[in-house]
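# Results of the structural survey
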Amino acid sequence: MNKNIITNGLAALVVAAGWFWQQPLLLSVGLFALSGALTNWLAVHMLFEKVPLLYGSGVIPARFAEFKAGIYQLVMTQFFSSDNIDRFITAKQQSQPGDTGQPTFDFEPVIAKTDLSPAFDSLLKVVEQSSFGSMLSMFGGSAALLPLKQPFIVRLKEALTDISRSDEFNQLVLAQLDQPEQLQHIREQVETIVQQRLAELTPELVKEIIQQMIRQHLGWLVVWGGVFGGLIGLVAAFIQ
């Protein structure tokens, strides 16, 4: 169950019990516990929702622009800074594919999703425009080669995957990435992607994201508010 409901419910039961049985000590503990739990619950609620007449409530939606700017700065300066990209490239250069049995870069998922139909179409055009084209027309033209399209694409993807796994290919990729202009280009592309994704965020979506991340943990503020409020009420009752 929700920690807020449990804590406030228990505190309210203690208040009711203290009032019903006319027990000042129990009533004091319950009132202080209920006030602590309710106050902390309201504080958590005010992070996400605008409460009328309460200045500063709804701070997360109200600071939506600053929130997006903070995410952008965090991603670009902490994760995709020039130094971090340099360290990544250096680590890749120093690692040996034979150490783990895996290639330095894995391009297989990209190759598998790539549409290689234009490659087969280009092959057909080359055949049609070659001296073999007139002979091919005697056997139905380029349509006679269409059954070879899928096997051709499968074999081509296998060949490209094998090439991408070779040490020579990975060294060429690393050498290309090591160029300063390439690193800057990569960072600019990442920056564009981050900006596009942040542009898709709405205040409501940001509120939901943060609620999912921290509401569960902030719920303990309500629990401990009730606990410490009850202890303060106990001390206050003894002092009286």
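Residues numbered from 1 in each chain as written. Predicted model: local features only at pLDDT ≥ 70, side-chain atom pairs only at ≥ 80, totals over all residues. Heavy atoms only, no water.

This part takes up the nonpolar core. Membership of the largest hydrophobic core comes to 14 residues, with the highest contact counts inside it found for Met 76, Val 194 and Val 206. Counting residues per element, the ones that place at least two in this core are α2 (24-48), α4 (64-79), α12 (180-199) and α13 (203-239). Looking at which element gives the most residues to this core, the answer is α4, with four residues. Ignoring any residue separated from it by four or fewer positions in sequence, one finds Met 76 in contact with Ser 81, Arg 187, Val 190, Glu 191 and Val 194. (Core = buried A, V, L, I, M, F, W, Y, C linked by side-chain atoms within 4.5 Å. Buried < 20%, exposed > 50% of the residue type's maximum accessible area, 1.4 Å probe, protein only. Helix = DSSP H or I, 4+ residues; strand = E, 2+ residues; numbered from the N terminus. Contact = heavy atoms within 4.5 Å.)

Time to look at the packing of helix α8 (residues 117-129) against helix α10 (residues 149-164). To describe two helices that pack against each other, one gives the angle between their axes and the distance between the axes. Packing of α8 against α10 leaves a shortest axis separation of 9 Å and a crossing angle of 120 degrees. As summarised for this structure, α8 and α10 are arranged oblique, according to the angle between their axes. Relative to α10, the crossing made by α8 is right-handed. Residues Ser 117, Ala 119, Phe 120, Asp 121 and Leu 123 of α8 pack against Lys 149, Phe 152, Ile 153 and Leu 156 of α10. Its residues placed into classes, the contact of α8 with α10 shows six nonpolar, one polar and two charged. (Axes fitted to C-alpha atoms, helices over the stretch in contact; angles between N-to-C directions. Parallel < 35°, antiparallel > 145°, perpendicular 65-115°, else oblique. Left-handed = near helix turned anticlockwise from the far one by under 90°. Nonpolar A, V, L, I, M, F, W, Y, C, P; charged D, E, K, R; others polar.)

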